[in-house]
Amino acid sequence: MVPGEASPAGPGAPRDSAAAEAVAARKQRAFARRKAFSQFVKAKEVPAAARCSAGGESVRWRCCRQAFEELSGIHRHVALHHAGDIGQQAGRADAEQQAGLTAKQATAGVSPPNGPAHAGSADLSEPSSHDTPEISCALPDTSHVSQDDLTSKVGEVLLYYCYCEVKDPEKLCAWQKALCQHLHLTGKVRVASEGINGTVGGSKVATSLYIEVMLSQPLFKDILCQEDFKSSAGGAHCFPDLRVGVFKEIVPMGIDPKIVSYKETGTHLSPQEFHREVEQYLSQASQGQSNTILLDCRNFYESKIGHFQGCLAPDIRKFSYFPSYVDENLELFKDKRVLMYCTGGIRCERGSAYLRSKAVCREVYQLKGGIHKYLEEFPDGFYRGKLFVFDERYAICSNEDIISACRYCGTLWDQYKLCSSQHCRQLVLTCSGCRSKGLTACCPVCQEKELKVTSRASGETLKEECECTRKRPRVPIEQVSQRTLDAQD
């Protein structure tokens, strides 16, 4: 035997060796990621001497202009918003370690494992594959599920979103469409380079499989979790069809995600934390001592049938008007603590980021999981009335309160119907008594115009606005702003 030559291996040795190397590589990558995560968190730590100026003795970490007092808080933030940074840092560390090992082996005259041209070796000049996870197009096995169980009308509606970097939105869109069709789900799914936002309905078997597959998708690993899915009674019948598409934003605010990123969001509060904040705010407000604004980020027709007590509910018709609303009312938010909320949390992600970009508020907080999650824990809390949802149910309830009224007679009523006028797509609150009298349009003007429109040739494009809608300012300027200015004089 030539000196330095390895002794012949048995027939099973190469396969066992390859398997052992693969396991070792996985362990090494996992270790590198944990180390990178720990180093990232350590880098965000506020020195003890600087904690007073950073917001108080209790503030131990700062990241993305947010303050964190507990380790779990900074860990959640980093896992949610900096997974890509952690992956890149871990990849670089792994590459440097591999490069160092190769250099040592070269110095010692030892060839790298499997040879320098081994097909499975990574090019260290390129980013490692785990920096940008591949999109899995796998569909769940439904062979063990009966067709009746899969298509049962007794089911639920899921609401979720996930902000993450999507390299191939078209591929994710195609997989989502195939997945929903495979599970007989209906609803709406928006895909963008910044993530995914969906509300889907189907049988409980189908929605359970959907959640299981979504959680196993490599793209969402360590970002999306079980509690991110909000559910309510419903099913596939709650939507007319399935719509899956690629958009610039997963929630239409009308601001380029590159200009205002979800990574600059406000501080997330759990339902319990938000409940305590609202309780304190209401107590202080009753004594005229509050410097907090409880801000509803939804549209006027949503807050009309349900909202938090003492909230400021902007009279806007679309979320894309929210940035203009903030711009027109900056004095209102000056030096204020803002508690924001919306249906499921997604509008607050971008809305709070936009508000924070104006640098006028003292602090900006948002309700994690939105009203949906709050009502799961506090069905009789500070939120009163119905929760508006964007499907054919229009609303779901957790308490018996009715805070809105019929458009025509003023009796308590909170069940929306579409305006009966063909030219209009507004929602109208009209009680059964008024509907029986033919009062089914969103306003008297629409009621009269309906007769004229129906006499014209068919094929007219449906409009989202009518005369009564145009009477409402597109972006209202709050009177509170002037009162606040007067108080400061």
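From a predicted model like this one, the values you see are computed outputs, not experimental measurements.

Peer 1: Let's hear about the packing of aromatic side chains: which residues, and what values?
Peer 2: On inspection of all chains with the given rule, the structure shows 18 aromatic pairs. Taking 5.1 Å as the distance between ring centres and 35° as the angle between the ring planes, the aromatic pair formed by Tyr160 and Phe229 counts as tilted. Here the residue Tyr160 occupies a position in strand β3 (residues 155-163), and Phe229 occupies one in the loop between α6 (204-216) and β6 (230-234), the gap between them amounting to 69 residues. Comparing Tyr160 with Phe229, the two get one shared label, buried.

Peer 1: Mind laying out the sheet that holds strand β11 (residues 337-341), listing which residues take part and the relevant values?
Peer 2: With respect to topology, four strands assemble into an open sheet ordered β8-β12-β11-β9, the strand pairing being parallel. Of all the strands in the sheet, just β8 (267-269) and β9 (292-296) have a single pairing partner and so form its edges. When strand polarity is set aside, the average angle formed by the axes of neighbouring strands in this sheet is 25°. Pairing analysis gives three bridges linking β8 to strand β12 (residues 363-367), with the strands arranged parallel. Looking at β12, one finds that Thr267 is bridged to Tyr365.

Peer 1: Quick rundown of the confidence of the model for the protein chain? Include the residues and the values.
Peer 2: A residue-level look at the protein chain finds 76% of positions with pLDDT of 70 or above and a mean pLDDT of 82. Mean pLDDT across the elements of the protein chain bottoms out in helix α16 (residues 479-488) (43) and peaks in strand β4 (residues 186-192) (98). Every residue in residues 1-9 scores below 50 in pLDDT, and together they form two contacts with partners more than four places removed in sequence or on other chains.

Peer 1: Break down the pattern of salt bridges for me, with residues and values.
Peer 2: Per the counting criterion, the structure on display carries 17 salt bridges. We note a salt bridge from Glu165 to Lys167, for which the minimum N-O separation is 2.8 Å. Residue classification places Lys167 among the exposed residues on the basis of a relative accessible area of 58%. Here Asp256 makes a salt bridge to Lys248, at a shortest N to O gap of 3.5 Å. Overlapping salt bridges bring together Glu194, Glu249 and Arg350 as one network.

Peer 1: Requested: an account of the nonpolar core, with residues and values cited.
Peer 2: Formed by 33 residues in total, the largest nonpolar core has its most connected members in Leu295, Phe322, Phe333, Met340 and Leu355. Those elements that provide at least two residues to this core are β3, β9, α9 (322-328), α10 (330-333), β11 and α11 (346-357). When residues in this core are grouped by element, the largest group, five residues, is from α11. The contact partners of Leu355, leaving out residues within four places of it in the chain, are Val326, Phe333, Val338, Met340, Cys361 and Val364. The next biggest cluster of nonpolar side chains, apart from the first, holds 32 residues, and it includes Leu150, Leu158, Met214 and Phe229.

Peer 1: Mind laying out α6, listing which residues take part and the relevant values?
Peer 2: If you check α6, its first and last C-alpha atoms are 18 Å apart, about what 13 residues at 1.5 Å a residue would give, namely 18 Å. Within α6, burial applies to Ala206, Thr207, Leu209, Tyr210, Ile211, Val213 and Met214. Looking at the buried side of α6, the elements it contacts are α4 (147-150), β3, α5 (169-182) and β5 (195-203).

Peer 1: Requested: an account of the packing of helix α7 (residues 271-285) against helix α12 (residues 370-377), with residues and values cited.
Peer 2: Orientation of α7 relative to α12, taken along the N-to-C sense of each, is 90°, at an axis distance of 9 Å. The orientation of α7 relative to α12 falls into the category roughly perpendicular. Packed against α7, whose contacting residues are Pro271, Gln272 and His275, the element α12 presents Lys373, Tyr374 and Glu377 at the interface. For the contact of α7 with α12, a count of residues per class yields two nonpolar, two polar and two charged.

Peer 1: Explain the environment of Gly351 to me, and be specific about the residues and the numbers.
Peer 2: When you line up the elements, Gly351 lands in helix α11. We classify Gly351 as buried; its relative accessible area is 0%. Put simply, Gly351 and Met340 are 11 residues apart on the chain and 8.6 Å apart in space, counted from C-alpha to C-alpha. When residues no more than four places from it in sequence are discounted, the contact partners of Gly351 are Met253, Phe319, Phe322 and Met340.

Peer 1: Any chance you could break down the packing of α5 against α6 for me, citing the residues and the numbers?
Peer 2: Interaxial distance between α5 and α6 falls to 11 Å at its minimum, and their mutual angle equals 155°. Between α5 and α6, the angle falls in the class roughly antiparallel. For the element pair α5 and α6, the recorded crossing hand is right-handed. For the pair α5 and α6, the contacting residues are Trp175, Gln176, Leu179 and Cys180 in the first and Tyr210, Val213 and Met214 in the second. Split by residue class, the contact of α5 with α6 holds six nonpolar, one polar and no charged.

Peer 1: Please provide a residue-by-residue account of the sheet that holds β3, values included.
Peer 2: Note on sheets: strands pair through backbone hydrogen bonds, and any given pair is parallel or antiparallel. Within the open sheet, the five strands sit side by side as β6-β3-β5-β4-β7. Their pairing is mixed. Here the strands that pair on one side only, and so sit at the sheet edges, are β6 and β7 (242-246). Looking at each pair of strands side by side, their axes are set apart by 10° on average, direction ignored. Bridge count between β4 and β7: five bridges; the pairing is parallel. Within the sheet, the bridge partner assigned to Lys188 lies in β7 and is Arg243.

Peer 1: A description of the pairing of β4 should follow, citing residues and the corresponding values.
Peer 2: Put simply, side chains in a regular strand alternate between the two faces of the sheet. Burial within β4 is extensive, with five of its seven residues counted as buried. Pairing between β4 and β5: seven bridges, direction antiparallel. Residue pairing for β5: Ala192 is matched across the bridge by Gly195. Joining the antiparallel neighbours β4 and β5 is a turn of two residues.

Peer 1: I'd like a rundown of the side chain of Gln366, residues and numbers included.
Peer 2: Relative to the helices and strands, Gln366 is located in strand β12. For Gln366, a relative accessible area of 0% translates into the label buried. A polar side-chain atom of Gln366 sits 3.3 Å from a polar atom in the side chain of His268. There is a polar contact of 3.5 Å between the side chain of Gln366 and the side chain of Glu349. Setting aside anything within four residues of it in sequence, one finds Gln366 in contact with Thr265, Gly266, Thr267, His268, Leu269, Met340, Gly345, Cys348, Glu349 and Ser352.

Here is what the cut-offs are and how they apply
Residues numbered from 1 in each chain as written. Predicted model: local features only at pLDDT ≥ 70, side-chain atom pairs only at ≥ 80, totals over all residues. Heavy atoms only, no water. Phe/Tyr/Trp six-rings, centres within 6.5 Å; stacked < 30°, edge-to-face > 60°. Helix = DSSP H or I, 4+ residues; strand = E, 2+ residues; numbered from the N terminus. Buried < 20%, exposed > 50% of the residue type's maximum accessible area, 1.4 Å probe, protein only. Pairing = 2+ DSSP bridges. Axes fitted to C-alpha atoms, helices over the stretch in contact; angles between N-to-C directions. pLDDT = per-residue confidence, 0-100. Contact = heavy atoms within 4.5 Å. Salt bridge = Lys/Arg side-chain N within 4 Å of Asp/Glu carboxyl O. Core = buried A, V, L, I, M, F, W, Y, C linked by side-chain atoms within 4.5 Å. Expected span 1.5 Å × (residues − 1). Parallel < 35°, antiparallel > 145°, perpendicular 65-115°, else oblique. Nonpolar A, V, L, I, M, F, W, Y, C, P; charged D, E, K, R; others polar. Left-handed = near helix turned anticlockwise from the far one by under 90°. Polar contact = N/O pair within 3.5 Å; in protein donor to acceptor, adjacent residues only side chain to side chain.

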